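# Commentary on secondary and tertiary structure
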Amino acid sequence: MRIKTKSGRWLKMNTDEEEAAINAGIAADPDTYELTDEEIKQLRPVGRPKAEETKERITIRLSPEVVEFFRSTGKGWQTRINEALKEYVSSQHA
């Protein structure tokens, strides 16, 4: 059996016999098992947590000196640029 995804891609589905063989392999392996619904509910989401405040993705051109300075401060340099710009904006409204 084949199904078509929303993106137009065709996927070949396993037959009942293939599914049975897969499930038999899972059952025969002492190092793995299928998770229960309760265990699945207890799993943590993968990836970084959702931000309270989402940011807008843009392209910006900065001088090499500015980029080099912030990159040299290590991981999170783009966040520090954002903080510096926010500080500038708040000083202009004072």
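Residues numbered from 1 in each chain as written. Predicted model: local features only at pLDDT ≥ 70, side-chain atom pairs only at ≥ 80, totals over all residues. Heavy atoms only, no water.

## Considering the overall build of the chain
In plain terms, the rule: Note on conventions: DSSP H or I runs of at least 4 residues are helices, E runs of at least 2 residues are strands, and numbering of each starts at the N terminus. For the radius of gyration, the atoms used are the C-alpha atoms, and the globule rule reads 2.2 Å times the number of residues raised to 0.38. Accessibility here uses a 1.4 Å probe with only protein chains present; expressed as a share of the type maximum, an area under 20% marks a residue as buried, one over 50% as exposed, and anything in between as partly exposed. Using the Shrake-Rupley algorithm and a 1.4 Å probe, accessible areas are obtained, with residue cover drawn only from the displayed protein chains.
Along the backbone of the chain there are four helices and two strands. Over its C-alpha atoms the chain spans a radius of gyration of 25 Å, topping by over 25% the 12 Å that the globule rule assigns to 94 residues. Seen through its principal axes, the chain has C-alpha atoms that stretch 70 × 35 × 25 Å. Within the chain, buried positions represent 3% of all 94 residues. For the chain, the computed accessible surface area is about 9,700 Å², with 54% contributed by carbon and sulfur atoms.

## Let's talk about the layout of surface pockets
Put simply, the rule is: For cavity detection a 1 Å grid was placed over the protein atoms alone, and a set of points counts as a cavity when a 1.4 Å probe fits there but cannot get out; an open set counts as a pocket when protein lies on both sides within 12 Å along at least five of seven lines, with lining residues being those that have an atom within 4 Å of a point. Grid points are joined across faces, edges and corners, and a volume is the space filled by probe spheres set on the points. All residues other than Ala, Val, Leu, Ile, Met, Phe, Trp, Tyr, Cys, Pro, Asp, Glu, Lys and Arg, Gly among them, are scored as polar; the first ten of these are nonpolar and the last four charged.
Computed from the structure, the largest pocket encloses a volume of approximately 840 Å³. Going through the elements one at a time, α3 (64-71) and α4 (77-92) are the ones with two or more residues in the lining of the largest pocket. Per-element tally for the lining of the largest pocket: the top contributor is α4, with seven residues. Residues that form the lining of the largest pocket fall into these classes: seven nonpolar, four polar and seven charged.

## A word on the pattern of salt bridges
Between side chains of opposite charge, a pair can form when the charged atoms approach closely. Definition in use: Any carboxyl oxygen of Asp or Glu within 4 Å of a side-chain nitrogen of Lys or Arg constitutes a salt bridge here.
Under the definition given, this model contains one salt bridge. Here K86 ties to E83 by a salt bridge, and the two come within 3.7 Å at their closest N and O atoms. Here the residue K86 and the residue E83 both occupy positions in helix α4, the gap between them amounting to three residues, near one helical turn. Classification of E83 by relative accessible area gives partly exposed; the value is 41%.

## Describing the packing of aromatic side chains
Stated precisely, the cut-off is as follows: For this analysis, a ring pair means two rings from Phe, Tyr or Trp (six-membered ring only for Trp) whose centres lie within 6.5 Å, classed as stacked if their planes differ by under 30 degrees, edge-to-face if by over 60, and tilted for the remaining angles.
For the structure on display, the rule yields one aromatic pair. When the ring of F69 is compared with that of F70, the centres are 5.2 Å apart and the planes differ by 85°; the resulting orientation is edge-to-face. By relative accessible area, which is 51% here, F69 ends up exposed. On the basis of relative accessible area, F70 is assigned to the buried category, the value being 15%.

## Considering a negative patch on the surface
What counts here: Residues enter patches when their relative accessible area tops 30% and they take part in no salt bridge; the joining distance is 9 Å for like charges and 5 Å for the nonpolar side chains Val, Leu, Ile, Met, Phe, Trp and Tyr. By the counting scheme adopted, Arg and Lys are positive, Glu and Asp are negative, and His together with the chain ends is not counted. Working definition for charges: the position is that of NZ of Lys, CZ of Arg, CG of Asp or CD of Glu.
On the surface, D16, E17, E18 and E19 cluster together to form a negatively charged patch. Its place among the elements puts E19 in helix α1 (residues 16-28).

## Things to note about the confidence of the model for the chain
Here is the rule: The predictor reports its confidence for every residue as pLDDT, a score running from 0 up to 100.
Averaged over every residue, the pLDDT of the chain is 92; residues scoring 70 or more account for 99%. Least confident of the elements in the chain is strand β1 (residues 2-4), whose mean pLDDT is 90; most confident is α3, at 97.

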